[in-house]
Structure formats: C-alpha cells, structure tokens
Amino acid sequence: MFSNKDLERYSRQIILKKVGILGQKKIQNSKVLVVGCGGLGTPVIDLLCRAGIGEIGMMDHDKVSISNLHRQVMFTSDDVGKYKVNILKKKINKINKKVKVKTYRVKAEDKNLGKILKQYDVIVDGTDNFKAKFLLNKFSLKYKKKLIIGAISKFEGHIFTFDFSLKKSPCLKCFYQGEPAEGVLDCETDGILGSTAVITGSLQANEVLKAILNVGKNLNSHILIIDLLNLKFRKVLFRKRKGCICENI
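These numbers were taken from a predicted model, which means no experiment stands behind them. (Residues numbered from 1 in each chain as written. Predicted model: local features only at pLDDT ≥ 70, side-chain atom pairs only at ≥ 80, totals over all residues. Heavy atoms only, no water.)

**Some remarks on the packing of helix α4 (residues 41-51) against helix α10 (residues 194-213)**
Here is step 1 of the chain: Interaxial distance between α4 and α10 falls to 8 Å at its minimum, and their mutual angle equals 40°. The angle between the axes of α4 and α10 places the two elements in the oblique class. Note on packing geometry: the crossing formed by α4 with α10 is right-handed. Contacts between α4 and α10 involve P43, V44, L47, L48 and A51 from the first element and A197, V198, G201, S202, Q204, A205, V208 and L209 from the second.
Here is step 2 of the chain: Considering only residue class, the contact of α4 with α10 consists of 10 nonpolar, three polar and no charged. (Axes fitted to C-alpha atoms, helices over the stretch in contact; angles between N-to-C directions. Helix = DSSP H or I, 4+ residues; strand = E, 2+ residues; numbered from the N terminus. Parallel < 35°, antiparallel > 145°, perpendicular 65-115°, else oblique. Left-handed = near helix turned anticlockwise from the far one by under 90°. Contact = heavy atoms within 4.5 Å. Nonpolar A, V, L, I, M, F, W, Y, C, P; charged D, E, K, R; others polar.)

**Notes on the pattern of salt bridges**
Here is step 1 of the chain: Tallied over the entire structure, the rule returns 10 salt bridges.
Here is step 2 of the chain: Where K31 meets E55, a salt bridge forms, and the shortest distance between an N and an O atom there is 4.0 Å. With K31 in strand β1 (residues 31-35) and E55 in strand β2 (residues 55-59), this residue pair connects regions lying 24 residues apart in the sequence.
Here is step 3 of the chain: On the accessibility criterion, K31 (33% relative accessible area) is partly exposed.
Here is step 4 of the chain: On the accessibility criterion, E55 (4% relative accessible area) is buried.
Here is step 5 of the chain: The closest approach of N and O atoms between D110 and K138, which form a salt bridge, is 2.8 Å. Residue D110 is located in helix α6 (residues 110-117), and its partner K138 is located in helix α7 (residues 130-142); the two are separated by 28 residues in the primary sequence. (Salt bridge = Lys/Arg side-chain N within 4 Å of Asp/Glu carboxyl O. Buried < 20%, exposed > 50% of the residue type's maximum accessible area, 1.4 Å probe, protein only.)

**Section: the packing of aromatic side chains**
Here is step 1 of the chain: Per the stated rule, a full pass over the model turns up 10 aromatic pairs.
Here is step 2 of the chain: Seen in terms of ring centroids, F162 and F238 are 6.3 Å apart; in terms of plane orientation they differ by 75°. Their pairing is edge-to-face. Taken as a pair, F162 in strand β6 (residues 156-163) and F238 in the segment after β8 (232-237) lie far apart in primary sequence, 76 residues in all. F238 carries the same exposure label as F162, and that label is buried.
Here is step 3 of the chain: Site record: aromatic cluster; members linked through ring pairs are F130, F134, F160, F162, F164, F175, Y176 and F238.
Here is step 4 of the chain: The aromatic ring of Y83 is capped on one face by R105, whose charged end is 3.9 Å from the ring centroid. (Phe/Tyr/Trp six-rings, centres within 6.5 Å; stacked < 30°, edge-to-face > 60°. Lys NZ or Arg CZ within 6 Å of the ring centre and 35° of its normal.)

**Examining the environment of K131**
Here is step 1 of the chain: Here K131 lies in helix α7.
Here is step 2 of the chain: In the structure, K131 is positioned 23 residues away from A108 in sequence and 9.5 Å away in space, judged by C-alpha atoms.

Listed below in structure tokens is the structure:
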C-alpha cells in the first residue's frame, strides 16, 4: 500500500493514464541492475530512484575522478577519490529512502556477472567498453532478461533495447558481429559533451520504465542513434542473425 506521502511524491506519475496506481506498483515491485555508474549510469540511477523503483543494484569498481564531474551528474568535487557505488548509495538514501539499494564494488566479469544479474528484472548497461557490453548480452540472454544498452561518444548516443523473453528478439551480437575496433564509441579517446551522456542515460531510464510498465513502442530489433550536434534521431532495424548465439532463444 502507498502512504499519503507516497501518493504525493509520485502524483505526477500516477496521474498519467498509462501509469496509475497499478503502474506505480509495478515500478515499486521491480528490480533493476545498473552496470557502470558513470556518464550513463548516474542519470539512469537518479531518475529510476525518483520514479520509485523498488530495488536497484549498482555494479562498478571505480572511484570518482575529477574528469568524471562534467558528465556524471550525481557526483561533486567532494566525492573525488571515493568509490562510486558507496557515494551513490548515500545519495539515493537522501533522494528516496524507500528504494532498496545493493552495491557491487567489482568489475563486471564472466566469473561474477551471471550470479548477480539473474536476481534482477531489467539490466542497464552504462559501461564504457564492448567487452562488458557483450558479457551483459551473454548473461541477459541466458537468463531471459530485459537489457537496455547505451553507448556514447562526442555528440552521439546509441541505445538498444532487448527483451530476451521473446523468441524473435535479436541480440547485440546480431548488430556487432565482432567487437568494434578500439576507440569506437569511446569517450576517453574521442571526447564527450556532458549533456550527450545525460540525455542518452535519461532515454535509457525512459526505456526501463516503459519496459516495466509495458507501455508504448520499444526499441527491440532496433538501434536508436542520437546525433545531438545536428539534432537527428534515427531508428535502424536489424534482424536476428543466422548462426548468432541468440538463434535458439
């Protein structure tokens, strides 16, 4: 049941016909894992906690550096040198005490990711490398999870949404048949405008909430390409690739 304070907190969401009390309960009962708590992960975490997500897991082994501050919106200068997940847990508690928080101060690897990932309903990729993205793809596929992937560079963002409970769903390897060359969609080498990261992360959070509520159009079988320099948005269709690891789901 929602208290009067809860109803007031989420009133602008609940008033939406596609949300309502039942939709808010779905949000409250959902568990989301965010892997990578940087330029993409921090706006996702912030927005989901404000939306009233029931449980959020955060996986990141890094500490805050001063170069993070222009785009990683939940950190301040006082946080430099401290572990990201520890800082975020404290800040989430100040935003919304009712959100259950689990932290995983480890690097996403083959040996640990499956055990953690299978506990959650929706998986969000906020990582900055394709090795981690392919691992998330592998285990989300194995456990038939919903996976929201993001990538950013310069003024551009890419978003994928996969629902591996659907037999017809392609996977990340259907689009990238091999690991992209080093430096592709890499903000460390190419640079990144802070607002590009926040806008892309916000769209990922929007996709998570839509997936939980089962409303609107999704990006399954598409990539959304956001060119914020020229204000162009494109949806590109791609199909399940013959011989891909997802062929038998």
